[in-house]
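# Coordinate inspection notes
Each chain, written out:
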Amino acid sequence: MQLKCLLAYGIQSAHVVGMSLGGYLAQLIALKRPQRIKSLTLIASERLAEVDPTIPSIDPSVLNYHAKASELDWTNREEVIEYKVGAWRLLSGSAHLFDELTIRELAGGDFDRTPNPTTAFNHALLQGGERWLNRLDEIAAPTLVIHGTEDLVLPYAHSLALKAEIPNAELLALSGTGHELHRNDWATIIEAIQRHTAF
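Every value quoted in this text rests on a predicted model; they were computed, and no experiment measured them.

### Examining the sheet that holds strand E4 (residues 170–174)
The strand order across the open sheet built from four strands is E1-E2-E3-E4, with neighbouring strands paired in parallel fashion. The open sheet has two edge strands with one neighbour each: strand E1 (14–19) and E4. Mean inter-strand twist for the sheet, computed between neighbouring axes without regard to direction, equals 15°. Bridge count between strand E3 (residues 143–148) and E4: five bridges; the pairing is parallel. Each residue of the ladder has a partner; that of Val-145, found in E4, is Leu-171. Strands in contact with helix H2 (residues 21–32) are E1 and strand E2 (37–43); relative to E2, the strand with the most contacts, it is inclined by about 155°. On top of the sheet, helix H7 (residues 186–196) reaches E1, E2, E3 and E4; it is set at about 170° to E3, its chief contact.

As structure tokens, this is what we get:
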């Protein structure tokens, strides 16, 4: 769908940036339509590959926290906001002070414009793409991997695996950053992407 949108605007190829599941999908696009990809930036992402038992999986604290989701009243604005703020706090890392006021405002905005807040969990239903697994060595696009060293969802080892398996990939480590990106890291991330796409 995204590639068809590019064609509709007369864009033949693009620099693709994806975070978390978005990075996983970006790898899939790069393999399926390599001629359409100028560069890849993969932020807090895992490999498009079979599960490697030597790479740490999601931290149990994250699973335990989200197990509470089934008990929430998803129509209760304040209850949902508290849940979202707690999740964001858990995934923020230790590099920066947690900005609860800003996150609370963001969570409220999400609730107000989202008809069904539980759709945030839909990515867990993703299936398919098996024939593209374990082919990261075929990615020819210049690739930048950006990853926080305190990511509890996709631990830092995932970034090392991406760098090792995608030819000539570069890695930017964000020390003390978690799976949620703090605004104090934005300038570093933007500057890195600008350098990476300056061709």
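### Some points on the side chain of Ser-45
With respect to the helices and strands, Ser-45 occurs in the loop between E2 and helix H3 (60–66). Within the structure, Ser-45 has its side chain in polar contact with the backbone oxygen of Ser-20 (distance 3.3 Å). Among the polar contacts listed, one links the side chain of Ser-45 to the backbone oxygen of Ile-43, at a separation of 2.9 Å.

### As for helix H5 (residues 100–113)
Between its first and last C-alpha, H5 extends 20 Å over 14 residues, near the 20 Å set by a 1.5 Å rise per residue. Regarding H5, the residues found buried are Ile-103, Ala-107, Gly-108 and Phe-111. In a view along the axis of H5, the buried residues occupy a sector of 140°, so they form one face of it. More than 90 degrees from the buried face of H5, the exposed residues found are Leu-101, Glu-105, Asp-112 and Arg-113.

### Digging into the pairing of E3
With six of six residues buried, E3 lies mostly within the body of the structure. Taking every second residue as pointing to the same face, both faces of E3 are buried, with Thr-143, Val-145 and His-147 on one and Leu-144, Ile-146 and Gly-148 on the other. Relative to E3, E2 runs parallel, the two being bridged by four bridges. Paired with Leu-42 across the bridge in E3 is Val-145.

### Description of the packing of helix H4 (residues 77–90) against H5
Two elements in contact, H4 and H5, have axes whose closest approach is 9 Å; the angle formed by their N-to-C orientations is 130°. Considered as vectors, H4 and H5 are oriented oblique to each other. Crossing geometry of H4 relative to H5 is assigned as right-handed. Listed contacts from H5 to Arg-77, Val-80, Ile-81, Glu-82, Lys-84, Val-85, Trp-88 and Arg-89 of H4 are Glu-100, Ile-103, Arg-104, Leu-106, Ala-107, Gly-108, Phe-111 and Asp-112.

### Considering the packing of aromatic side chains
Inspection of every chain in the model, using the stated rule, returns three aromatic pairs. A centroid spacing of 5.3 Å and a plane angle of 20° characterise the contact between Tyr-65 and Tyr-83, whose relative ring orientation is stacked. Of this pair, Tyr-65 sits in helix H3 while Tyr-83 sits in helix H4, placing them 18 residues apart in sequence. With centroids separated by 5.6 Å and ring planes inclined at 80°, the aromatic side chains of Trp-74 and Tyr-83 adopt a geometry described as edge-to-face.

### Looking at the pairing of E2
Burial analysis of E2 places six of its seven residues in the buried class, which makes it a mostly covered element. For E1 and E2, the ladder comprises six bridges, and the chain directions are parallel. Residue pairing in the sheet places Val-16 in a bridge with Leu-40 of E2. At this point the chain moves from E1, through H2, to the parallel E2, and the crossover so formed is right-handed.

### Here's the deal with H7
Residues of H7 that are buried: Ile-189, Ala-192, Ile-193 and His-196. Each buried residue of H7 lies within a common arc of 95° when the element is viewed along its axis, so the set occupies one face. Residues of H7 that are buried make contact with E1, E2, E3 and E4.

Calculation rules
Residues numbered from 1 in each chain as written. Predicted model: local features only at pLDDT ≥ 70, side-chain atom pairs only at ≥ 80, totals over all residues. Heavy atoms only, no water. Pairing = 2+ DSSP bridges. Helix = DSSP H or I, 4+ residues; strand = E, 2+ residues; numbered from the N terminus. Axes fitted to C-alpha atoms, helices over the stretch in contact; angles between N-to-C directions. Contact = heavy atoms within 4.5 Å. Polar contact = N/O pair within 3.5 Å; in protein donor to acceptor, adjacent residues only side chain to side chain. Expected span 1.5 Å × (residues − 1). Buried < 20%, exposed > 50% of the residue type's maximum accessible area, 1.4 Å probe, protein only. Arc of directions from axis to C-beta. Parallel < 35°, antiparallel > 145°, perpendicular 65-115°, else oblique. Left-handed = near helix turned anticlockwise from the far one by under 90°. Phe/Tyr/Trp six-rings, centres within 6.5 Å; stacked < 30°, edge-to-face > 60°. Right-handed = clockwise from strand over helix to strand, strands pointing away.

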